[in-house]
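# Fold and contact review
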Amino acid sequence: MSNNLLIVDDDPIIHLISKRFLSKIGFEEGILSFMNGQEAMDFISESYQNESKYLILLDLNMPIMNGWEFLESMRSNSLAQNENITIIVVTSSIDKEDEDRARAYEIVHDYLSKPLTLEQFEYVLEALK
Amino acid sequence: MSKDVNRYELLVVEDNPGDLLLLKDFLDEKFLMVKIHEAINFSEAEVLLKKNFQLSAIILDLNLPDLSGSDLIEMIQLYSNQTPIIVLTGYSDLEVAKAFLQRGVSDFLLKDEMNPTLLYKSIIYSLQRRKYIEDLQNSQQLYSNLFSLSPQPMWLYGIEDLKFLDVNNAAVARYGYTKQEFLSMTIKDIRPKEEVPELEKTLLKSQKVKNREFSGIFTHQTKSGEILKVEVFSNFIIHKNKPVRIILANDITEKLKYLEAIEEQNKKLRSIAWTQSHVIRAPLSRIMGIIQLIELEGEKCADLMDLLKSVVESAKELDIVVEEIANKSQSVDPENLWGEKIKTLEKPDQNMAAEDPPTYFDDKM
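Here the structure is a predicted model, which means the values were calculated and not measured.

### Topic: the overall build of chain B
Tallying secondary structure elements over chain B gives 10 helices and 10 strands in all. Buried residues in chain B amount to 41% of all 365 residues. Long-range pairs, those at least 24 residues apart, make up 58% of the contacts in chain B between residues at least 6 apart in sequence. On chain B, roughly 21400 Å² of surface is accessible, and the fraction owed to carbon and sulfur atoms is 53%.

Here it is, written out as structure tokens:
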């Protein structure tokens, strides 16, 4: 059994910052970076293991497959029912409409605005416990 | 009985001096302030009538030396301008006097039976009656004006044959047909041809709500072919024993154009708001994240210079976005509201923030 933290974001700096923050709070293993929804979707479809937990920090605005398309794709995927997969939307958008729309997905555990603070990283890791 | 204290001005036309004296006595007995103009024949009466006194009533002997009977009545009526006329007569003229009542004479009194109270009552009743008639005429005029002089187009049409029964001046002005033309048309004739089936559906619907108001927005066409968007209010009434609908048609063509222009502006403003919350927030959140990281790591931060470089990159990106917003805001110009169709602003693109991903860290992490 392993814990996987999937960071899905097209901004490399976000990946860099996230990793450094996570490292500060002692979380270094199992961080996976994806530049768009499609990459993350491919990974989950191919590598999903029953015993493992998956926390997905999902950006909304991305090329190829954006966060919305990813959420739609997950909804139609049988994996979406799996309790081991948690999605937290992490976006630079502060649009209330976006938040309401994201929270309407059952699979979306929370909606946070970028940049995440150290406390927020600690909070999101709760999902992997 | 105390005297009537109101002011009255009467014209008494009587050729018999005895009767005239008696009349004046009777009047003095009942009225405190009565001004009496006297005439002993029609020519004198005519002179006085031409002076346009504010007469309360005319008391008229039916037989004068120079004119009598119906000729006299007709002549007096020519000048009287709705002033009540009370005719004095003998038994012999009773039938004739009755006929005058139908021709606008207020009352007739038999000379032999006249007394102060009877005369007083007759004058007061006549005045009251004239007041009622005036009120009624005013009220009729008022309602007629409400229809014909209404600034909004109005008309009546027969429910069965859909023919226009009456149209007001505003309808004539707005639709370009004369009243005569309207009256030979049906309500289908002020619709573009393609709207007629829709009208027929609406008519079926409105028949079901026969006793109630009905409203909706419809497309009409003027004589010159101009297309109008009109908000129609209608109600069912009985007019001259026929079931008709009264229509008030409020031309909202300009209003709709105005709303469309406002909607265009709103689209732009929404697009600006979208940019604020998405595109600006992207580099900004990156800058804030980097600063947080530098704060967190302090002196131990190995790649401080690299991180600062990416702050600068993000700041430049932010600068460009702010400039774009400024340009967009300038195009939200109220003068465009009535101008030609405002150029459509591109819809907010969900991937807008992702078009130019930052390039500083290009290694896949």
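### Focus: the overall build of chain A
Counting secondary structure elements, chain A contains five helices and five strands. Listed by position from the N terminus, the elements making up chain A come as β-α-β-α-β-α-β-α-β-α. Taking 2.2 N^0.38 as the reference for a compact globule, 129 residues should give roughly 14 Å; the C-alpha atoms of chain A span a radius of gyration of 13 Å, in line with that estimate. Based on the C-alpha atoms only, the size of chain A along its principal axes is roughly 35 × 35 × 25 Å. Split into buried and exposed, the 129 residues of chain A put 59% on the buried side. Here the analysis covers contacts within chain A between residues at least 6 apart in sequence; of these, 67% occur between residues at least 24 apart.

### With respect to the pattern of salt bridges
Oppositely charged side chains are able to pair whenever their charged atoms sit close together. Residues and elements named next belong to chain B. All told, the structure shown has 24 salt bridges over all chains when counted by the stated rule. In this structure, D166 engages K179 in a salt bridge whose closest nitrogen and oxygen atoms are separated by 3.1 Å. Remark: K179 occurs in helix 7 (residues 179-183) and D166 occurs in strand 7 (residues 164-167); sequence separation between them is 13 residues. In this structure D166 comes out as partly exposed when scored by relative accessible area, which is 22%. Two residues, K267 and E264, come together in a salt bridge whose shortest N-O distance is 3.9 Å. Pair noted here: K267 and E264 are both in helix 9 (residues 253-297), with a separation of three residues, about one helical turn. The exposure class of E264 is buried, given its relative accessible area of 11%. In this structure, a network of salt bridges that share partners links the residues E14, D19, D61 and K111.

### Some remarks on the environment of H37(B)
All names here are of chain B. Position of H37 relative to the elements: it lies in strand 2 (residues 31-39). We classify H37 as buried; its relative accessible area is 9%. Each C-alpha atom of the pair H37 and L11 lies 4.7 Å from the other, and the pair is 26 residues apart in sequence. In contact with H37, not counting residues within four places along its chain, are E9, L10, L11, V12, L48, F53 and L55. Of the polar contacts made by the side chain of H37, one reaches the side chain of E9; its length is 2.7 Å.

### Considerations on the nonpolar core
In terms of nonpolar packing, the biggest core is built from 34 residues, with L5(A), L22(A) and L57(A) touching the most fellow members. Residue assignment for this core shows that the elements contributing at least two residues are strand 1 (3-8), helix 1 (12-24), strand 3 (53-58), strand 4 (85-91) and helix 5 (118-125) of chain A together with helix 9 and helix 10 (304-330) of chain B. If one sorts the elements of this core by residue count, helix 9 of chain B sits on top with eight residues. If we skip the residues at most four places from it in the chain, L57(A) touches L5(A), L6(A), I7(A), V8(A), I88(A), V90(A), F121(A) and V124(A).

### Observations regarding the pairing of strand 5 (residues 107-110) of chain B
Residues and elements named next belong to chain B. Note that strand 4 (residues 85-89) and strand 5 share four bridges and pair parallel. Note on strand 5: the bridge partner recorded for I86 is D107. Crossover connection from strand 4 via helix 4 (residues 94-101) to parallel strand 5: handedness right-handed.

### Here we look at the domain arrangement of chain B
Looking at the assigned domains, one finds that chain B contains domain 1 (4-146), domain 2 (154-251) and domain 3 (255-354). Of note, the centres of domain 1 of chain B and domain 3 of chain B, computed from C-alpha atoms alone, are 88 Å apart.

### A look at helix 5 of chain A
Taken as a whole, helix 5 of chain A has its buried residues at L118(A), F121(A), V124(A) and L125(A). Take helix 5 of chain A and look down its axis: the buried residues cluster within an arc of 120°, on one side only. Looking at the buried side of helix 5 of chain A, the elements it contacts are strand 1, helix 1, strand 3, strand 4 and strand 5 (108-113) of chain A together with helix 9 of chain B.

### With respect to the packing of helix 1 of chain A against helix 9 of chain B
The contact between helix 1 of chain A and helix 9 of chain B brings their axes to 10 Å, and the two run at 30°. Put simply, helix 1 of chain A runs roughly parallel to helix 9 of chain B. Both helix 1 of chain A and helix 9 of chain B take part in a crossing whose hand is left-handed. Contact residues: I13(A), I17(A), R20(A), F21(A) and K24(A) in helix 1 of chain A; R286(B), G289(B), I290(B), Q292(B), L293(B), L296(B) and E297(B) in helix 9 of chain B.

### Focus: the interface of chain B and chain A
Between chain B and chain A, the contact holds 28 residues from the first and 31 residues from the second. Both sides of the chain B and chain A interface together cover about 2600 Å² of buried area, and 60% of this is carbon and sulfur. Connecting chain B to chain A are three salt bridges. Run the count over chain B and chain A and you get five residue pairs in polar contact (both at pLDDT 80 or more). Elements represented by at least two residues in the side of chain B that touches chain A include exactly helix 9 and helix 10 of chain B.

### Some remarks on the environment of L228(B)
Residue and element names in this part refer to chain B. Along the chain, L228 falls in strand 9 (residues 227-239). For the pair formed by L228 and I159, sequence separation is 69 residues and the distance between their alpha carbons is 23 Å. When near neighbours in sequence (up to four residues on either side) are disregarded, L228 contacts R174, Y175, F218, T219, H220, T222, D251 and T253.

### Focus: unusual backbone geometry
The step from K114(A) to P115(A) runs through a cis peptide bond, and the omega angle for that step is -5°. As for its position among the elements, P115(A) is in the loop between strand 5 and helix 5. Here N52(B), not a glycine, exhibits a phi torsion of approximately 55°, which is positive. Despite not being glycine, Q82(B) shows a phi value in the positive range, around 70°. Following the sequence through the fold, Q82(B) ends up in the loop between helix 3 (69-80) and strand 4.

What counts, and where the lines are drawn
- Residues numbered from 1 in each chain as written.
- Chains lettered and ligands numbered in written order.
- Predicted model: local features only at pLDDT ≥ 70, side-chain atom pairs only at ≥ 80, totals over all residues.
- Heavy atoms only, no water.
- Helix = DSSP H or I, 4+ residues; strand = E, 2+ residues; numbered from the N terminus.
- Buried < 20%, exposed > 50% of the residue type's maximum accessible area, 1.4 Å probe, protein only.
- Contact = heavy atoms within 4.5 Å.
- Areas by Shrake-Rupley, 256 points an atom, 1.4 Å probe, with all protein chains shown as cover.
- Rg over C-alpha atoms; globule rule 2.2 N^0.38 Å.
- Salt bridge = Lys/Arg side-chain N within 4 Å of Asp/Glu carboxyl O.
- Polar contact = N/O pair within 3.5 Å; in protein donor to acceptor, adjacent residues only side chain to side chain.
- Core = buried A, V, L, I, M, F, W, Y, C linked by side-chain atoms within 4.5 Å.
- Pairing = 2+ DSSP bridges.
- Right-handed = clockwise from strand over helix to strand, strands pointing away.
- Domains from an automatic or database assignment.
- Arc of directions from axis to C-beta.
- Axes fitted to C-alpha atoms, helices over the stretch in contact; angles between N-to-C directions.
- Parallel < 35°, antiparallel > 145°, perpendicular 65-115°, else oblique.
- Left-handed = near helix turned anticlockwise from the far one by under 90°.
- Buried area = accessible area lost by both parts, 1.4 Å probe.

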